[in-house]
Amino acid sequence: FMLEAAALPDMEPSVCDAVLGRTDSADMLRQVETRRLFINVVGEELRAYQYHNLFRDFLLARLRARDPERLKTHQVRAAEWYAANGMTEAAVTFYVMAGALAPAGQLAEAEALVMYDAGRHTTLARWGEQLATIAYEVPTLYLYLSKADADAGDLASAEAKLAVTADGFVRRGDA
């Protein structure tokens, strides 16, 4: 349980159950807490747990070495859970960690305007970096990256991103 739960930075029992395909996560997390196994409790009403960062890194490295496909499965399931619960940024992050760039790109495309309008240009830039290998498949994201660069006065970068945008829409057959 501890190894697999490390796939989640914040472990809430219901999220662990959904992502790990279990029904006993609340009990398991209480046992880990009772045994003082490098875990902290966050919140009072809605209890969430977090491993100590170094311990979580250790557990993730072990899971990655033992069963990388299982880790990817948990990351994709976490992304799906976060997306279904309106947490797009976390969902994109988990899809990218799992190497599932197509669904990450679809989410980033769907939320690009919202992020731009909210002034979340740093998030847009991070998504652009994470999805650079599929840039032509996410032209809407690159459109808003271009607008953000233009707003910041970086016209050369804006023009380069706009070229990716135009090419991406042409490849997509979207006039």
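Our subject is the structure that appears above.
Peer 1: How should I be thinking about the pattern of salt bridges in this particular structure?
Peer 2: When their charged atoms lie close together, side chains carrying opposite charge are able to pair. One pass over the full model with this rule turns up nine salt bridges. A salt bridge links E89 to R120; the shortest N-O distance between them is 2.8 Å. One end of the pair, E89, is in helix α6 (residues 88–97); the other, R120, is in the loop between α7 (101–117) and α8 (121–130), and 31 residues separate them in sequence. Judged by its relative accessible area of 35%, R120 is partly exposed. Here K161 ties to D149 by a salt bridge, and the two come within 2.6 Å at their closest N and O atoms. Of the two residues, K161 sits in helix α10 (residues 155–172) while D149 sits in helix α9 (residues 139–151), which places them 12 residues apart along the sequence.

Peer 1: Can you help me understand the packing of α7 against α9 in this one?
Peer 2: The packing of two helices is summarised by the inter-axis angle and the distance between the axes. Interaxial distance between α7 and α9 falls to 7 Å at its minimum, and their mutual angle equals 25°. With respect to their mutual orientation, α7 and α9 come out roughly parallel. For the pair α7 and α9, the crossing hand works out as left-handed. Counting all contacts with α7, which are made through A108, E109, A112, L113 and Y116, the residues of α9 involved are P139, T140, L141, Y144, K147, A148 and D151.

Peer 1: What should I look at first to understand the side chain of D149 in this one?
Peer 2: Owing to a relative accessible area of 16%, D149 belongs among the buried residues under this scheme. Among all residues touching D149, those that are not within four sequence positions of it are D154, S157, A158 and K161.

Peer 1: It is not clear to me how helix α2 (residues 13–20) should be interpreted in this structure. Could you clarify?
Peer 2: Since one α-helical turn is 3.6 residues long, residues separated by three or four positions face the same way. Taken residue by residue, α2 has V15, C16, V19 and L20 as its buried positions. Projection of α2 onto a plane perpendicular to its axis shows the buried side chains occupying an angular sector of 105°, all on one side. Taken together, the buried residues of α2 touch α1 (2–5), α3 (25–34) and α5 (68–84). Looking at the residues trailing α2, positive phi occurs at G21, about 70°.

Calculation rules
Residues numbered from 1 in each chain as written. Predicted model: local features only at pLDDT ≥ 70, side-chain atom pairs only at ≥ 80, totals over all residues. Heavy atoms only, no water. Salt bridge = Lys/Arg side-chain N within 4 Å of Asp/Glu carboxyl O. Helix = DSSP H or I, 4+ residues; strand = E, 2+ residues; numbered from the N terminus. Buried < 20%, exposed > 50% of the residue type's maximum accessible area, 1.4 Å probe, protein only. Axes fitted to C-alpha atoms, helices over the stretch in contact; angles between N-to-C directions. Parallel < 35°, antiparallel > 145°, perpendicular 65-115°, else oblique. Left-handed = near helix turned anticlockwise from the far one by under 90°. Contact = heavy atoms within 4.5 Å. Arc of directions from axis to C-beta.

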